[in-house]
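The residues making up each chain are set out below.
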Amino acid sequence: MYSFLGGLVILILGYAIYGAIVDKIFAPTDNPTPCVQHPDGVDYVPITPGRAFLIQLLNIAGLGPIFGALSGAIWGPSVYLWIVFGTIFAGAVHDFSVGMLSVRNDGASVSEITGKYLGGFMLQIMRLFSVVLLVMVGVVFMVGPAGLLALMITQGTSGAVGAAGGAAATYMGYSAAEWTKILTVVILVYYFLATLLPIDKVIGKVYPVFGLCLIFMAVGIGGVTVYNHIQGTKPMIEIWEGFYNMHPKAASTPIWPLMFITVACGAISGFHATQSPMMARCLTSERQGRFVFYGAMVAEGIIALIWASAGIAFYNATNGGFSTEGLLAVGGGNSTSVYQISVGLLGPIGSILALLGVVACPITSGDTAFRSARLTLADWFKIPQKGFAPRLALALPLLAAGYAISFLEYGIVWRYFSWSNQTLAMIALWAAAVYLCRNIGAGKGFIAAIPATFMSAVSVTYFCIAKECYLELPRMTAYGIGIGVAVLFFIIYYVRVYAPARKKI
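So, here is what we can say about the structure in this document. (Residues numbered from 1 in each chain as written. Predicted model: local features only at pLDDT ≥ 70, side-chain atom pairs only at ≥ 80, totals over all residues. Heavy atoms only, no water.)

1. A short note on the overall build of the protein
Phase 1: When its secondary structure is counted, the protein shows 20 helices and 2 strands.
Phase 2: Since a compact globule built from 505 residues should have a radius of gyration of about 23 Å, the 22 Å found for the protein is in line with a globular shape.
Phase 3: Looking at the protein residue by residue over its 505 residues, the buried ones come to 62%.
Phase 4: Pairs at least 24 apart in sequence give 83% of the contacts found in the protein among residues at least 6 apart.
Phase 5: Looking at the protein as shown, the accessible area adds up to about 18600 Å², and 70% of this sits on carbon and sulfur atoms.
Phase 6: Counting 27 positive and 19 negative side-chain charges, the protein places the averaged centre of each group 8 Å from the other. (Helix = DSSP H or I, 4+ residues; strand = E, 2+ residues; numbered from the N terminus. Rg over C-alpha atoms; globule rule 2.2 N^0.38 Å. Buried < 20%, exposed > 50% of the residue type's maximum accessible area, 1.4 Å probe, protein only. Contact = heavy atoms within 4.5 Å. Areas by Shrake-Rupley, 256 points an atom, 1.4 Å probe, with all protein chains shown as cover. Lys, Arg positive; Asp, Glu negative; His and termini not counted. Charge placed at Lys NZ, Arg CZ, Asp CG, Glu CD.)

Here you go:
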């Protein structure tokens, strides 16, 4: 419990202290923002700071800080350290940097920003990479909530709770799997509307309601988890009690780099780099950036910390010691584990509200994923988006591709999403480091270059070691390549960017 509460305090202090430092480095100005310069009533729409924060939070807080945090918790409470410090020094810096760069580049997408500061080759790579990632995100956040809703419908009406009950339960003659397919189409229709219509017509209207569900879910799950620990019914594991690889398959599943990739959005996420430009087009002042971009990521870190802590405690099989075998047995983060935790901790009424929060999270990231993909393509091919026909021409093929991918195995899509997600974050951080070094101050770029180096090591090591990437190199070989490439990237940054900028001082 003390590790959990300490993590919450550190996250809040991180926003107050390090967030202020990062904000001071960027030095917000009173220059007119994109929506003030040329509002178009579709994507460039002035939005109040409070609503912008809420939209940004719901854009980024999809299944990542819930499914990813629960899956990462299988390695034990060491995941708390990655969530807390990853959020403060990497994830929030990443989101804030991309958001501010977009504000200062007329609301440009992350691919265009990357191209400006890393060159034409990276521009083309990021254009393709970000569109593919966004479509995968849309799929992940379409199938995931459909599965959760299917469990609510079938298990909630049959009274069955748990994986076994969920498999057998039906409603109106349809199984959970069949309901998942039906609901996937329903969610896809909503995504179609949210992708096409002006941002303040659908997204700006429904997000406050979803936000209330999300807040209730987080407070409820976190509060009951702490209460159960105090009562001794489901004890939480402190960091010092499980500061080792607690994964039941530790020999073949190392913390580095697997946990850092698995947690994904709960600490840092390249997907956020595709979302921040949407709010960058809606802020009325650069001074709102810290609250909207840095603050929303800290809030997501809190959500991830709550779910990781709840998962470890809920499935902890003490029997004289601590274990994460129960969490592994249920499959880590998925519809079943979220359902079981919500019902087990909050009961029938509370679980419905909590599940609505969990369903709202991915839906409110999936819709903006497809919207961001449309905007990325529009920036790429220079297609104005004020008219309905151009938006329709881009949205239809994107949603069709997403629906086709939804038939693939969910676990496979999630793994590819996780790796590509962290790789995009790495690239975005390097772009921010170059901007800061050349435009703000030579030494200022290190606030982005250091986490960029770390994420380079994570992404490259994972690519070398993971089964889905097909290389499956020996562990020590993968470690050496990952760290070597990260060091090489840092040396290139130091020699080609930092040193020349330093000489100009």
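2. A word on the pattern of salt bridges
Phase 1: Evaluation of the coordinates by the stated rule reveals 6 salt bridges.
Phase 2: The salt bridge partner of Arg 287 is Asp 30, with a shortest N-O separation of 2.9 Å. Taken as a pair, Arg 287 in the loop between α13 (271-280) and α14 (289-314) and Asp 30 in the loop between α2 (18-26) and α3 (34-37) lie far apart in primary sequence, 257 residues in all.
Phase 3: We classify Arg 287 as partly exposed; its relative accessible area is 48%.
Phase 4: Between Glu 112 and Arg 127 there is a salt bridge; the shortest N-O distance is 3.0 Å. With Glu 112 in helix α7 (residues 110-118) and Arg 127 in helix α8 (residues 120-158), the pair connects residues that are 15 residues apart, well separated along the chain.
Phase 5: A relative accessible area of 16% means that Glu 112 is categorised as buried.
Phase 6: Salt bridges sharing partners connect three or more residues here, namely Asp 43, Arg 371 and Arg 374. (Salt bridge = Lys/Arg side-chain N within 4 Å of Asp/Glu carboxyl O.)

3. Structural notes on a nonpolar patch on the surface
Phase 1: On the surface, a cluster of nonpolar side chains totalling about 440 Å² of accessible area is made up of Ile 10, Leu 81, Phe 85, Phe 89 and Phe 243.
Phase 2: Among the elements that take part in the nonpolar patch, helix α6 (residues 78-103) stands out by supplying 3 residues, more than any other.
Phase 3: Looking at the secondary structure, you find Ile 10 in helix α1 (residues 2-16). (Patch = residues over 30% accessible without salt bridge, like charges linked within 9 Å, V, L, I, M, F, W, Y side chains within 5 Å.)

4. So, the packing of α2 against α6
Phase 1: Where α2 contacts α6, the axes come no closer than 11 Å and their chain directions differ by 30°. Judged by the inter-axis angle, α2 sits roughly parallel to α6. For α2 against α6, the interelement crossing comes out right-handed. Residues Tyr 18, Val 22, Asp 23 and Phe 26 of α2 touch α6, and the partners they reach there are Ile 88, Phe 89, Val 93, Phe 96, Ser 97 and Met 100. (Axes fitted to C-alpha atoms, helices over the stretch in contact; angles between N-to-C directions. Parallel < 35°, antiparallel > 145°, perpendicular 65-115°, else oblique. Left-handed = near helix turned anticlockwise from the far one by under 90°.)

5. Quick look at the nonpolar core
Phase 1: If you look at the biggest cluster of nonpolar residues, it comprises 159 residues, and the most contacted ones within it are Tyr 191, Ile 221, Met 279, Tyr 294, Trp 307 and Ile 341.
Phase 2: It is α14 that provides the largest number of residues to this core, a total of 17 residues.
Phase 3: Those residues in contact with Tyr 294 that lie beyond four places of it in its chain are Gly 14, Tyr 15, Tyr 18, Gly 19, Val 22, Ile 88, Ala 92, Val 93, Phe 96 and Gly 289. (Core = buried A, V, L, I, M, F, W, Y, C linked by side-chain atoms within 4.5 Å.)

6. Quick look at the packing of α6 against α14
Phase 1: Between α6 and α14, the shortest axis-to-axis distance is 8 Å and the interhelical angle comes to 155°. One finds that α6 runs roughly antiparallel with respect to α14. Crossing of α6 over α14 shows right-handed handedness.
Phase 2: Residue composition of the contact of α6 with α14, by class: 17 nonpolar, 6 polar and 2 charged. (Nonpolar A, V, L, I, M, F, W, Y, C, P; charged D, E, K, R; others polar.)

7. Structural notes on the packing of aromatic side chains
Phase 1: For the structure on display, the rule yields 25 aromatic pairs.
Phase 2: With a centroid separation of 5.3 Å and 65° between ring planes, the pair formed by Trp 256 and Phe 260 is classed as edge-to-face. With Trp 256 and Phe 260 both in helix α12 (residues 255-263), this residue pair falls 4 residues apart, about one helical turn.
Phase 3: For Phe 260, a relative accessible area of 12% translates into the label buried.
Phase 4: An aromatic cluster of three or more residues is present, and its members are Trp 430, Phe 446, Phe 490, Tyr 493, Tyr 494 and Tyr 498.
Phase 5: For Lys 234, the ring lying beneath its charged end belongs to Phe 314, and the centroid distance is 4.5 Å.
Phase 6: Over the ring of Tyr 15 we find Arg 290, and its NZ or CZ is 4.4 Å from the ring centre. (Phe/Tyr/Trp six-rings, centres within 6.5 Å; stacked < 30°, edge-to-face > 60°. Lys NZ or Arg CZ within 6 Å of the ring centre and 35° of its normal.)

8. Considerations on unusual backbone geometry
Phase 1: In this structure, Pro 257 follows Trp 256 across a cis peptide bond, with omega equal to 0°.
Phase 2: Residue placement: Pro 257 occurs in helix α12.
Phase 3: Despite not being glycine, Asp 106 has its phi angle at roughly 60°, a positive value.
Phase 4: Mapped onto the elements of the fold, Asp 106 is located in the loop between α6 and α7.

9. Some details on the environment of Ile 383
Phase 1: Residue position: Ile 383 is located in the loop between α16 (335-381) and α17 (388-405).
Phase 2: For Ile 383, a relative accessible area of 29% corresponds to the partly exposed category.
Phase 3: Separated by 299 residues in sequence, Ile 383 and Val 84 have C-alpha atoms that sit 40 Å apart.
Phase 4: Other than its neighbours up to four places away in sequence, Ile 383 contacts Ala 378, Pro 390 and Leu 394.

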